[in-house]
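Topology and contacts: notes
Listed below are the residues making up each chain.
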Amino acid sequence: MMQEPLPAWLSGLSKAIHSTLLAPAQEGLVESSLQLFSEFNHVLVNEYLPGQGIFAHEDGPFYHPMVATLSLGSHTIINYRPKHSALETDPSLKGFSLFIEPRSLVVMSEKVYRDFTHEIEPKTADRVSCLTECENFSQCAIKDFPSEIQRGARISLTFRHVKNSHKLPRILGFVKPMGNK
Ligand SMILES: O=C(O)CCC(=O)C(=O)O
């Protein structure tokens, strides 16, 4: 992959998230994998309208195994399921779901990154029973729910580090377009 600078509005956000996560890594409070790269160099912006989701997938070996996703707009629920290959090694692995609140940051790293898939079901609303079953429900800021909460539009920004990226050589800036005489 050829690397281009992030736009200014994303660059500031990316640096802020990286340094927020780096401090606990340096103190040994979270896995140290973040210390292996100095910046996020890839940001994916997804928009989900009510009823849209993303099929179960893994992010794969192309990226460093620590990605951070900032959620804007609606809540959602992300389901994490152990991969078949991981279950062969460790049959005790269990799937889980996270309730993703508006303006929250989810960090996926190491074991969950490598051994689990993640997905968002294409739903327009979530029953409160689905929310209370989420692994992080007790830590969530929102406490009062109707029996069902509607999903609105959600925008996610996923910050990643592509392992083998190269800066564009300056010389490419001087290549003359062909065909215009
Ligand atoms: O939108 C999200 O929270 C997840 C995005 C995602 O899984 C992806 O883009 O690969």
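Rules and cut-offs
Residues numbered from 1 in each chain as written. Predicted model: local features only at pLDDT ≥ 70, side-chain atom pairs only at ≥ 80, totals over all residues. Helix = DSSP H or I, 4+ residues; strand = E, 2+ residues; numbered from the N terminus. Buried ≥ 20, exposed ≤ 12 C-beta atoms within 10 Å, placed from the backbone. Contact = placed C-beta atoms within 7 Å. Near = placed C-beta within 6 Å. Nonpolar A, V, L, I, M, F, W, Y, C, P; charged D, E, K, R; others polar. Core = buried A, V, L, I, M, F, W, Y, C linked by C-beta atoms within 7 Å. Pairing = 2+ DSSP bridges. Axes fitted to C-alpha atoms, helices over the stretch in contact; angles between N-to-C directions.

1. Concerning the overall build of the chain
When you go through the chain residue by residue, the secondary structure sums to four helices and 12 strands. Across the 181 residues in the chain, those meeting the buried criterion constitute 16%. Of all intrachain contacts in the chain linking residues separated by at least 6 positions in sequence, the fraction that spans at least 24 positions is 81%.

2. Points about the site of the ligand
Within the structure, the ligand sits among Leu44, Asn46, Ile54, Asp59, Thr69, His118, Ser156 and Thr158. The set of elements that each furnish at least two residues to the shell around the ligand consists of β2 (42–48) and β11 (154–160). Class assignment of the residues belonging to the shell around the ligand gives a composition of two nonpolar, five polar and one charged.

3. Focus: the nonpolar core
The biggest cluster of nonpolar side chains holds five residues, and these are Tyr48, Ile78, Phe99, Ile100 and Ile120. If we ignore the near neighbours within four places in the chain, the residues touching Tyr48 are Gly53, Ile120 and Arg154.

4. Let's talk about the sheet that holds strand β5 (residues 76–82)
Ordered by their spatial adjacency, four strands build an open sheet running β3-β8-β5-β6, and the pairing between neighbours is antiparallel. Of all strands in the sheet, those with a lone pairing partner are β3 (54–57) and β6 (96–100), marking the two edges. Pairwise comparison of adjacent strand axes, ignoring direction, gives a mean angle of 20° for this sheet. In terms of strand pairing, β3 meets strand β8 (residues 116–120) through two bridges, oriented antiparallel. What sits directly across from His57, in β8, is His118.

Function cannot be read off these values alone, since they describe shape.
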